[in-house]
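This is what each chain is made of:
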Amino acid sequence: MSVQTYPLLMSIYKGEGRVLIMPVIRHMAGYSVNADWVANIQQIDDYASIGKGVIHAVDFIRNSPLSMSTPRERELDPIWKKNTKYKSEISFWKNNLLTRIKVFEDGHYLIYSMKRSEKRKGGYSEIIKEINLLPNASNEEIGKAVLSAFEALEDYYKNNKEQQDYFTKNIELLGGSMLTLTVPKDNHFIDSEDCHAAEIYQCYSYLSQEGAESSAEFFLGIAPELDCNLDALNVRSSWEEFYGKADFFEMQDGDYGIFKLRIEMKNKHTHKISYLLRQDEDLLLECGMEVHQPNRKKKLDEKLVDLFQEFVLSCKM
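Note that the structure is predicted; figures quoted are calculated from it, not measured. The numbering scheme is per chain: residues are counted from 1 as the chain's sequence reads. A pLDDT threshold of at least 70 governs which residues receive local features in this predicted model, and a stricter bar of 80 or more applies before side-chain atom pairs are shown or counted, although totals over entire chains, interfaces and linings include all residues. The basis for every side-chain value is the complete set of heavy atoms in the structure, and neither hydrogens nor water enter the calculation.

**Regarding the nonpolar core**
- Put simply, a nonpolar core is a bunch of buried Ala, Val, Leu, Ile, Met, Phe, Trp, Tyr and Cys residues held in one set by side-chain atoms that sit within 4.5 Å of each other. Classification of residues uses two cut-offs on accessible area relative to the type maximum, computed with a 1.4 Å probe and protein chains only: under 20% is buried, over 50% is exposed, and between them is partly exposed. Judged by nonpolar contacts, the single largest core of 34 residues is most densely connected at Ile12, Ile21, Val54 and Ile101.
- Segments assigned H or I by DSSP are reported as helices when at least four residues long, segments assigned E as strands when at least two residues long, and all are numbered from the N terminus. Elements represented by at least two residues in this core include exactly β1 (8-15), β2 (18-26), β4 (39-41), α1 (47-62), β5 (97-103), β6 (109-116), β7 (124-133) and α4 (139-159).
- No other element matches the nine residues that α4 contributes to this core.
- Between two residues, a contact is recorded if the distance between any of their heavy atoms is within 4.5 Å. If near-sequence neighbours (up to four positions away) are discounted, Ile21 is found in contact with Met10, Ser11, Ile12, Val38, Ala39, Ile41, Ile50, Gly53, Val54 and Ala57.
- Within the second largest apolar cluster, 28 residues are counted, among which are Leu181, Tyr204, Leu277 and Leu285.

**Side note on the packing of α1 against α4**
- Angles here are taken between N-to-C directions and fall from 0 to 180 degrees, while the axes themselves are lines fitted to C-alpha atoms, restricted in helices to the stretch in contact. Where α1 contacts α4, the two axes come as close as 7 Å, and the packing angle between them is 100°. Comparing their axes, α4 and α1 come out roughly perpendicular. For the pair formed by α1 and α4, the contact residues are Tyr47, Ala48, Ile50, Gly51, Lys52, Val54 and Ile55 on the first element and Asn139, Glu140, Ile142, Gly143, Lys144, Val146 and Leu147 on the second.
- Classification convention: Asp, Glu, Lys, Arg as charged; Ala, Val, Leu, Ile, Met, Phe, Trp, Tyr, Cys, Pro as nonpolar; all other residues, Gly among them, as polar. Of the residues belonging to the contact of α1 with α4, the class tally is eight nonpolar, three polar and three charged. What sets the label is the angle itself: under 35 degrees gives roughly parallel, over 145 gives roughly antiparallel, 65 to 115 gives roughly perpendicular, and the rest give oblique.

**Section: the sheet that holds strand β16 (residues 283-292)**
- In space, the seven strands of this open sheet follow the order β10-β11-β12-β16-β15-β14-β13, with antiparallel pairing throughout. The open sheet has two edge strands with one neighbour each: β10 (189-191) and β13 (248-256). Averaged over all neighbouring strand pairs, the angle between strand axes comes to 20°, with direction disregarded.
- In this sheet, strand β14 (residues 259-266) lies alongside β13 in antiparallel orientation, the contact comprising seven bridges. Along β14, the bridge assignment pairs Phe248 with Lys266.
- Running over the sheet, helix α5 (residues 232-243) touches β13, β14, β15 (270-280) and β16 and is turned about 125° from β13.
- Along the sheet, helix α6 (residues 298-314) makes contact with β10, β11 (200-207), β12 (214-221), β13, β14, β15 and β16, crossing β16 at roughly 160°. Strand pairing requires that DSSP identify at least two bridges connecting the strands.

**What to know about α5**
- Here the expected span of a helix is defined as 1.5 Å times the quantity of residues minus one. Between the first and last C-alpha of α5 there are 16 Å, a value that for twelve residues agrees with the 16 Å anticipated at 1.5 Å per step.
- For α5, every residue scored as buried is listed here: Asn234, Val235, Ser238, Trp239 and Tyr243. The arc enclosing the buried residues of α5, seen along the axis, measures out at 135°, which places them on a common side. Opposite the buried face of α5, at more than 90 degrees from it, the exposed residues are Leu233 and Glu241.
- Packed against the buried residues of α5 are β13, β14, β15 and β16.
- The distance from a side-chain oxygen at the start of α5 to the backbone nitrogen of Leu233 is 3.0 Å, and the residue carrying that oxygen is Asp231.
- After α5 finishes, the residue Gly244 shows a positive phi value of roughly 95°. Throughout, the arc means that of the directions going from the helix axis to the C-beta atoms. Pairs of N or O atoms are called polar contacts if they sit within 3.5 Å, as long as, within protein, a hydrogen donor faces a hydrogen acceptor (for residues adjacent in sequence, only side-chain-to-side-chain pairs).

Nothing here speaks to function; it is geometry throughout.
As structure tokens, this is what we get:
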């Protein structure tokens, strides 16, 4: 006989190129905690795979004993941290959408997506969409309902500016000025912070799937390789020293939001686009994109060029 009580509960997170199904189980002290098992689904648009993961999570909960973990053990080794690139729970919260599922004693499902709380970071508030499914729902029906709940949540964030703060970031630049940008909303991007490099203010890395090497980066930095010299010969020679001989190279002056110069180069190894602003005689601000192996990733390259344009224009000072 199961020691778990109804309704059974699980949390499902969508982000970082995967769907993460996290069962919730009862603790011997009477409250609920996250289980030490998750289903990490890489096929984020595959209804059947997601539905199958939900069924496995239901079986896991039913067959689980009461948890005996201590608060300290859960704090030191949280299950979410083993399935994300983010270092803090708040960063994970900001970059993963949440849908929950309740399974009742008669077997029917309640699937509902929740928006992030505006009053408490790390928390959630109202339900955006809920769906009821019969006990005999197929894997495909369950997976479709889960993704429908996430789609409603994604639409909500697109259409409601009250949540904009969760998708913006303020960065203090050298010299003391502040820059605000909109975080890339594609779920494949992760926040790589400063990449442990003094010349980078902020970097977002594009991962094709969980655990993959970065396929591309969007970043803000100071372009140290240029040594504040924007002469075309210096730019080209400096970039070719780093990235190899350019098959294509172009520089264009113009108004690109806050930036005044656009530079692009491409070879089989790298497609690099940078927008630059001279902040001072000895200080540049660069908003850059680098796509690795662009000839092998032509569709991704085209997609990222469009997303990068949005990222550039979101930068405000």
